[in-house]
Amino acid sequence: MYFVANWKMFGNLKSINTLDKVVKFSKSKEIKKGRLIYCPPYTLITSFFKKFQNCLIDIGAQNCHESDDYGSQTGFINSKMLKSIGANYVILGHSENRKKGETDKLINLKIKSAIKAKLKVIFCIGETLSEKKRGKTRSILSKQIKLGLNKIKKKSNLFIAYEPVWSIGTGKIPKSKDLEQTVEFIKKNFKGKLPKILYGGSVNPKNINDLKKINNLDGFLIGGASQNPKKFIDIVKKTFN
Ligand code: PGA
């Protein structure tokens, strides 16, 4: 099971000290079959990389530019640059970036570039509340998958993170039956090798007991709760107990 910590726009150099607990936990037997991946802001990737050097915690970024090469792109970072500083993962298509104007087409270019750079891609999809209310969840997810993964054959380094937009940061999670059916539906969009499927949106130590029962999930993408190492560790522990 994969546990991806999405720190969003959070943290400074002092935050690194809070990770001691997680490093210790990652070396203990309690971690069982949990794989931990931290996606801090760009400013902390190198420090996290150093912190995790003697343990198996992996590092990811929260976005990247779609170009494979250096260029005149003030303020941006591409996938090769991320790979060169120790990131192995990148979150792409997050709804917080879609809201700012990232289109399916742009996300597709980013995914292609990330795969080329040998980053594992955590590709986020999810419906808004109004789309859900209008019964559009499935058509939205299919569209996001179809356009986001257009002409991408290699699925081995791909994770799909199903994150209903209405669930992110709200404390609300889908009903178990709905979530199970949606995961099943997502799987049906793929032929042959399936990507790994994560759920994200308000995952916390309280609701993990329900979420862990959902069939066919390979893990969780955790935002707010992952910024607190105790909560993050609790989520992992409870998943296996
Ligand atoms: P949340 O965020 O856990 O704070 O809801 C999840 C995410 O945005 O990836």
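The sections below set out a description of the structure shown in this document. (Residues numbered from 1 in each chain as written. Predicted model: local features only at pLDDT ≥ 70, side-chain atom pairs only at ≥ 80, totals over all residues. Heavy atoms only, no water.)

In the vicinity of the ligand, the contacting residues are Asn6, Lys8, His94, Glu163, Ile168, Gly169, Gly201, Ser202, Leu221, Gly223 and Gly224. At 2.8 Å from an oxygen atom of the ligand is found a main-chain nitrogen or oxygen belonging to Gly224. Burial of the ligand by the protein amounts to 95% of the accessible area it has alone, namely 280 Å². (Near = heavy atom within 4 Å. Polar contact = N/O pair within 3.5 Å; in protein donor to acceptor, adjacent residues only side chain to side chain. Areas by Shrake-Rupley, 256 points an atom, 1.4 Å probe, with all protein chains shown as cover.)

Glancing now at the pairing of strand β4 (residues 89–92). Burial along β4 is two-sided: Tyr89 and Ile91 and Val90 and Leu92, pointing in opposite directions, are all buried. Sheet topology note: the strand β3 (residues 58–61)/β4 ladder contains two bridges and is parallel. Within β4, the residue paired with Ala61 across the bridge is Val90. In terms of handedness, the path from β3 via helix α3 (residues 79–84) over to β4 forms a crossover that is right-handed. Of the pairings in the sheet, the one linking β4 to strand β5 (residues 120–125) comprises four bridges and is parallel in character. Counted as the bridge partner of Val90 is Val121 from β5. (Buried < 20%, exposed > 50% of the residue type's maximum accessible area, 1.4 Å probe, protein only. Helix = DSSP H or I, 4+ residues; strand = E, 2+ residues; numbered from the N terminus. Pairing = 2+ DSSP bridges. Right-handed = clockwise from strand over helix to strand, strands pointing away.)

Attention shifts here to the pairing of β5. Counting buried residues in β5 gives five out of six residues, a clear majority hidden from the surface. Across five bridges, the pairing between β5 and strand β6 (residues 158–162) is parallel. Residue Phe123 lies in a different strand from β6, and its bridge partner there is Ile160.

Within this structure, the stated rule accounts for twelve aromatic pairs. Seen from their ring centres, Phe3 and Phe240 are 6.0 Å apart, and the 65° between their planes marks the pair as edge-to-face. Placement of Phe3 in strand β1 (residues 2–6) and of Phe240 in helix α10 (residues 229–240) is noted, with a sequence separation of 237 residues between them. On the basis of relative accessible area, Phe3 is assigned to the buried category, the value being 0%. Aromatic rings pair up to connect Trp7, Phe10, Tyr38, Phe48, Phe52 and Phe232 into one cluster. (Phe/Tyr/Trp six-rings, centres within 6.5 Å; stacked < 30°, edge-to-face > 60°.)

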